[in-house]
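What the coordinates show
Chain by chain, the residues run as shown.
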Amino acid sequence: RRVICNDVQGFAALVARCLIATPDSPPPVSLLREVLTPPYSYNRRLLVDRFRAHLAEEDRIIADVDATRYRDTYRRWRHVGNDPDLRDELATAHETTPYRLATLNFAWGYFGLRQAIAIDSIRYAIDRAREDQRLSASDADWALVALLQAASCASASPGHFAQYLKPDSDRGFTRIAQQRKRNIWTQFVFELNNLKPYGNRAWRSSNDVVQADALSMWGLLDSLSVERAIVYADPPYSKDHYSRYYHVLETLALYDYPTAKGTGRYRPDRFITPFSLKTRVRDAMEEFCAAIRDRGFTLILSYPSNGLLNAECGIDLTAFLRDQFTQVELRMDRPTSHSTLGARHGNARNAVNELLWVAK
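Residues numbered from 1 in each chain as written. Predicted model: local features only at pLDDT ≥ 70, side-chain atom pairs only at ≥ 80, totals over all residues. Heavy atoms only, no water.

This paragraph deals with the side chain of Glu354. Position of Glu354 relative to the elements: it lies in strand E6 (residues 349-359). Among buried charged residues, Glu354 stands out as having no salt bridge; its nearest opposite-charge side chain is Arg334, 9.4 Å away. A polar atom in the side chain of Glu354 sits 2.9 Å from the side chain of Ser302. (Helix = DSSP H or I, 4+ residues; strand = E, 2+ residues; numbered from the N terminus. Buried < 20%, exposed > 50% of the residue type's maximum accessible area, 1.4 Å probe, protein only. Lys, Arg positive; Asp, Glu negative; His and termini not counted. Salt bridge = Lys/Arg side-chain N within 4 Å of Asp/Glu carboxyl O. Polar contact = N/O pair within 3.5 Å; in protein donor to acceptor, adjacent residues only side chain to side chain.)

This part takes up unusual backbone geometry. In this structure, Pro98 follows Thr97 across a cis peptide bond, with omega equal to 5°. Locating Pro98 in the fold gives a position in the loop between helix H5 (84-92) and helix H6 (101-105). Unlike most non-glycine residues, Tyr257 shows phi in positive territory, near 50°. Residue placement: Tyr257 occurs in the loop between helix H13 (243-254) and helix H14 (281-294). Positive phi values are uncommon outside glycine, yet Arg265 reaches one of about 55°. With respect to the helices and strands, the residue Arg265 is situated in the loop between H13 and H14.

Looking now at the nonpolar core. In this structure, Leu36, Phe111, Phe188 and Leu252 are the most contacted members of the largest nonpolar core, which totals 81 residues. Considering each element in turn, this core owes the most residues, 11 residues, to helix H8 (residues 137-154). Once you skip the residues sitting within four places of it in the chain, Phe188 turns out to touch Leu36, Ile122, Ala143, Ala146, Leu147 and Ala150. Counting residues in each nonpolar core, the second largest holds 32 residues, with Ala229, Ala233, Phe288 and Tyr303 among its members. (Core = buried A, V, L, I, M, F, W, Y, C linked by side-chain atoms within 4.5 Å. Contact = heavy atoms within 4.5 Å.)

For the rest of this paragraph, the subject is the pattern of salt bridges. Overall, the coordinates contain 19 salt bridges when judged by the stated rule. A salt bridge links Arg2 to Asp208; the shortest N-O distance between them is 2.9 Å. With a gap of 206 residues between them, Arg2 in the segment before strand E1 (4-6) and Asp208 in strand E2 (residues 208-210) connect regions that are remote in the sequence. For Arg295, the salt bridge identified is with Asp222, shortest N-O distance 2.9 Å. Here Arg295, found in the loop between H14 and strand E4 (298-304), pairs with Asp222, found in helix H12 (residues 218-223); they are 73 residues apart in sequence, far enough to count as distant. The partly exposed category is assigned to Arg295, whose relative accessible area is 31%.

It is worth spelling out the environment of Glu312 at this point. Structurally, the position occupied by Glu312 is in helix H15 (residues 308-312). When the C-alpha atoms of Glu312 and Val3 are compared, they prove to be 34 Å apart, with 309 residues separating the residues in sequence.

Let's shift gears to the pairing of strand E3 (residues 230-233). The two faces of the sheet receive side chains in turn, since in a regular strand these alternate between them. The two faces of E3 differ: Val231 and Ala233 on one face are buried, but Ile230 and Tyr232 on the other face are not. Bridging between E3 and E4 involves four bridges; their strand directions are parallel. Its bridge partner lying in E4, Ala233 is registered against Leu301. (Pairing = 2+ DSSP bridges.)

Below, the discussion takes up the packing of aromatic side chains. Evaluated as defined, the whole model comprises 18 aromatic pairs. Plain terms: the ring middles of Phe106 and Tyr110 are 5.8 Å apart, the flat faces sit at 80° to each other, and that makes the pair edge-to-face. Since its relative accessible area comes to 1%, Phe106 is described here as buried. Of the aromatic side chains, those joined through ring pairs into one cluster are Tyr42, Tyr99, Tyr124, Tyr255 and Tyr257. The ring of Tyr164 has Lys166 lying over it, and the distance from NZ or CZ to the ring centre is 6.0 Å. Residue placement shows Arg270 over the ring face of Tyr266; its charged tip is 4.6 Å from the ring centre. (Phe/Tyr/Trp six-rings, centres within 6.5 Å; stacked < 30°, edge-to-face > 60°. Lys NZ or Arg CZ within 6 Å of the ring centre and 35° of its normal.)

Right, let's get into the confidence of the model for the protein. Taken as a whole, the protein shows an average pLDDT of 91; of its residues, 96% reach a score of 70 or greater. Across the protein, helix H7 (residues 113-131) holds the top mean pLDDT of 98, while H15 sits lowest at 83. (pLDDT = per-residue confidence, 0-100.)

Our next topic: helix H4 (residues 67-76). Burial in H4 covers these residues: Ala67, Tyr70, Arg71, Thr73 and Tyr74. Buried positions along H4 lie against helix H3 (52-64) and helix H9 (170-180). Looking at where H4 begins, the residue whose side-chain oxygen comes 3.3 Å from the main-chain nitrogen of Thr68 is Asp66.

Time to look at the packing of helix H1 (residues 10-20) against H8. Following both chains from N to C, one finds H1 and H8 inclined at 125°, their axes separated by 10 Å at the closest point. Here H1 lies oblique to H8, going by the angle between them. Considering how the two elements wind past one another, H1 and H8 form a crossing that is left-handed. Together, Phe11, Leu14, Val15, Arg17, Cys18 and Leu19 of H1 and Asp141, Trp142, Leu144, Val145 and Leu148 of H8 make up the contact between the two elements. In terms of residue class, the contact of H1 with H8 is made up of nine nonpolar, no polar and two charged. (Axes fitted to C-alpha atoms, helices over the stretch in contact; angles between N-to-C directions. Parallel < 35°, antiparallel > 145°, perpendicular 65-115°, else oblique. Left-handed = near helix turned anticlockwise from the far one by under 90°. Nonpolar A, V, L, I, M, F, W, Y, C, P; charged D, E, K, R; others polar.)

What follows concerns the packing of helix H2 (residues 29-50) against helix H10 (residues 184-194). At a minimum axis separation of 11 Å, H2 and H10 run at an interaxial angle of 155°. Taken together, the axis directions place H2 and H10 in an arrangement best described as roughly antiparallel. Regarding H2 and H10, the two cross each other, and that crossing is right-handed. Of the residues in H10, those touching H2 at Val29, Leu32, Arg33, Leu36, Thr37 and Tyr40 are Trp185, Phe188, Val189, Leu192 and Asn193. Of the residues that constitute the contact of H2 with H10, the class distribution is eight nonpolar, two polar and one charged.

Here it is as structure tokens:
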């Protein structure tokens, strides 16, 4: 079957495009090493010169596993979220070299300073190689996916980017120090070696990726002449807005030098979905179902038993779907365990039932 993926966030659409809808396989690592190393080294050298003393201090702290000094340096570190001068610098940074978005935004938070410099320098190298046509657009996209994966692996965070680990205890600092030792370039090359698309070239050539809010994507789908579709939907189901958990990846993918807000250094334009608002989730689900029903499509809906609609709004989703469609069947009701993404509400995991409906 032809597959069309949709996600409102740019980094997710990029990953889907490479894995699902790009005919080309990832470029050889040997090619990327040859093409990326000179511009990577150039950008890195400029940033190392600027932050040489700070890098030496970071290296000593990590080598000595000195939690006290780390806490002191962390408190003193200036970044875009707490320094007006750096915010002013960031506003025009896209016009100059070196690339320094991660360095000014995320160092001494999600990444170490040396790691942030490497992230910026790899991104600089990818952009230069694309502009010089030493990498095709497809090659550059694959390289960027590998960079996002490397950043995810190296981040000192609890599995997401809503927050980063803080050195409040010696145990917490030990985990931070372990992550800080990860070499971004080495991880980047490792990820390049392990990237693989799904399916074969002919199948991927028939697929598409759109980037839109699920409530406003239908015109895009209509323009792609989609018929007799099966729509698999896994909508947000909690009060947490997921863009908060992925904002670093979105910023690294867009590389648009946004300002940063708060300790989490969030983008100011993070997407807010009505599916995570108690006052709007029912209307959003009705609108979504109507778009599917009116086109004669089939809906496969995944939603947990503790979702906002059924747990807090008191809606029986089977009855709700039967008001929207003529045939509705609950195909799966299976106990599972959901991560709470950092135990912000007390428990690290919640016991829930995963529910799956088919509606026509």
